[in-house]
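# Inside the fold
Residue-level listing of the chains:
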Amino acid sequence: MEQIIQVKDLSFEYTNREDQPDLLALDGVNLEIERGSFVAVLGHNGSGKSTLAKHINAILLPTRGQVQVAGMDTREEDKLFDIREKAGMVFQNPDNQIVATVVEEDVAFAPENLGLPSQEIRRRVDEALKAVGMENFKRSAPHMLSGGQKQRVAIAGVLAMEPEVLVLDEPTAGLDPAGRENLMANIRDYHRNKGKTIILVSHSMDEIARNVDRILVLKNAHVLMQGTPAEVFARGEELLSAGLDVPQITRIAMELKRRGVDIDPAVYTVEALERQLLALRKGGAGC
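First, a word on what this report is: a plain description of the structure on this page. (Residues numbered from 1 in each chain as written. Predicted model: local features only at pLDDT ≥ 70, side-chain atom pairs only at ≥ 80, totals over all residues. Heavy atoms only, no water.)

## Let's talk about the overall build of the protein
- Secondary structure summary: the protein contains eleven helices and ten strands in total.
- Here the C-alpha radius of gyration of the protein, 20 Å, is about what a compact globule of 287 residues would show, namely 19 Å.
- Projected onto the principal axes, the alpha-carbon positions of the protein cover approximately 65 × 50 × 40 Å.
- Taking all 287 residues of the protein together, 46% fall into the buried category.
- At a minimum sequence separation of 6, the contacts of the protein that also span at least 24 residues come to 60%.
- Carbon and sulfur atoms form 47% of the exposed surface of the protein, whose accessible area is close to 14200 Å².
- Of the charged side chains in the protein, 34 are positive and 43 negative; the average position of the first set lies 5 Å away from that of the second. (Helix = DSSP H or I, 4+ residues; strand = E, 2+ residues; numbered from the N terminus. Rg over C-alpha atoms; globule rule 2.2 N^0.38 Å. Buried < 20%, exposed > 50% of the residue type's maximum accessible area, 1.4 Å probe, protein only. Contact = heavy atoms within 4.5 Å. Areas by Shrake-Rupley, 256 points an atom, 1.4 Å probe, with all protein chains shown as cover. Lys, Arg positive; Asp, Glu negative; His and termini not counted. Charge placed at Lys NZ, Arg CZ, Asp CG, Glu CD.)

## Focus on the sheet that holds strand β7 (residues 165-169)
- Taking strand neighbours across the sheet as the criterion, the six strands line up as β6-β7-β8-β3-β9-β10 in an open arrangement whose pairing is mixed. With partners counted over all chains shown, the strands left at the sheet margins are β6 (87-90) and β10 (222-227), one partner each. Sheet twist, expressed as the mean angle between neighbouring strand axes with direction ignored, is 15°.
- Direction of pairing for β6 relative to β7: parallel, over a ladder of four bridges. The residue of β7 that forms the bridge with Val-90 is Leu-168.
- Helix α5 (residues 147-159) contacts β6 and β7 of the sheet and is inclined by roughly 170° relative to β6. (Pairing = 2+ DSSP bridges. Axes fitted to C-alpha atoms, helices over the stretch in contact; angles between N-to-C directions.)

## Some remarks on the nonpolar core
- Formed by 45 residues in total, the largest nonpolar core has its most connected members in Val-107, Ile-215 and Leu-239.
- Here the element with the most residues in this core is α5; it accounts for six residues.
- Discounting residues that sit within four places of it in the chain, Leu-239 has contacts with Met-205, Val-217, Met-225, Val-232, Phe-233, Leu-244, Asp-245 and Val-246.
- Counting 29 residues, the second largest nonpolar core, distinct from the first, contains Ile-56, Ile-83, Met-89 and Leu-218. (Core = buried A, V, L, I, M, F, W, Y, C linked by side-chain atoms within 4.5 Å.)

## Notes on the packing of aromatic side chains
- In the structure shown here, the tally under the stated rule is two aromatic pairs.
- Here Phe-12 and Tyr-14 contribute two aromatic rings whose centre-to-centre distance is 4.7 Å and whose plane-to-plane angle is 90°, an arrangement assigned as edge-to-face.
- Residue Phe-12 is classed as buried on the basis of its relative accessible area, which comes to 9%.
- What makes Tyr-14 partly exposed here is its relative accessible area of 29%.
- A ring pair is formed by Phe-233 and Tyr-268, whose centres lie 5.5 Å apart and whose planes are at 55°; its orientation type is tilted. You can see Phe-233 sitting in helix α8 (residues 229-233) and its partner Tyr-268 sitting in the loop between α10 (248-258) and α11 (270-281), a full 35 residues away along the chain. (Phe/Tyr/Trp six-rings, centres within 6.5 Å; stacked < 30°, edge-to-face > 60°.)

Here you go:
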């Protein structure tokens, strides 16, 4: 399949004051993302995951190496507008992205700046609000909304641009469990219906496990591992020893394996664990 994002030997340093050393946030990162895939970037605070996300939207530019979005090099100044039209980014704090005093006007802000006809803007605003479950709040004031509702509006504002790549930097941070699941369901539906590329920056293993095609794990500015969820969670002990987590289901499977149960310790969904346990009960060999 076509690679819509290509990251080659990417390194980035934050420049500090003269009396402090520069901070190396990314060191030799390589990554390819297929068009239409759902990819998670995982790691501790300070691992470099948000820094990587900002490179895909060309908010940051490489100190060394290269980032290409739909074949365009982010270092080319004349491509900056096109890159940000292709790769839309939603930040952790929605208040940093909401610019209008009415929800539908905020969502319309980017399409209007693209110079689109009014009918097309109306269509995009309505579709974006529906995609995030906020169609009944289009005339509301953003400052009167809850944190989760503001985050949905911020996402809708990016969706209205109809980007090829949607970059979500910790979109569920600060939400309660029900709010997180609801928002992730909206994102899953959008991915399924539109077939766009989704890049999700997160620290929640359970949130990632149920949704994504591939996982990139960062630790101390380096790539620790990458692969499908099954490939990554098969290295559960390595993740735990690195101070990271695994999904709760994987923890259960790992503990069962330690206690002598013949089970794959890399399972990460309730359904997969249930299949394996039923197969064992029936005398089968696995799922």
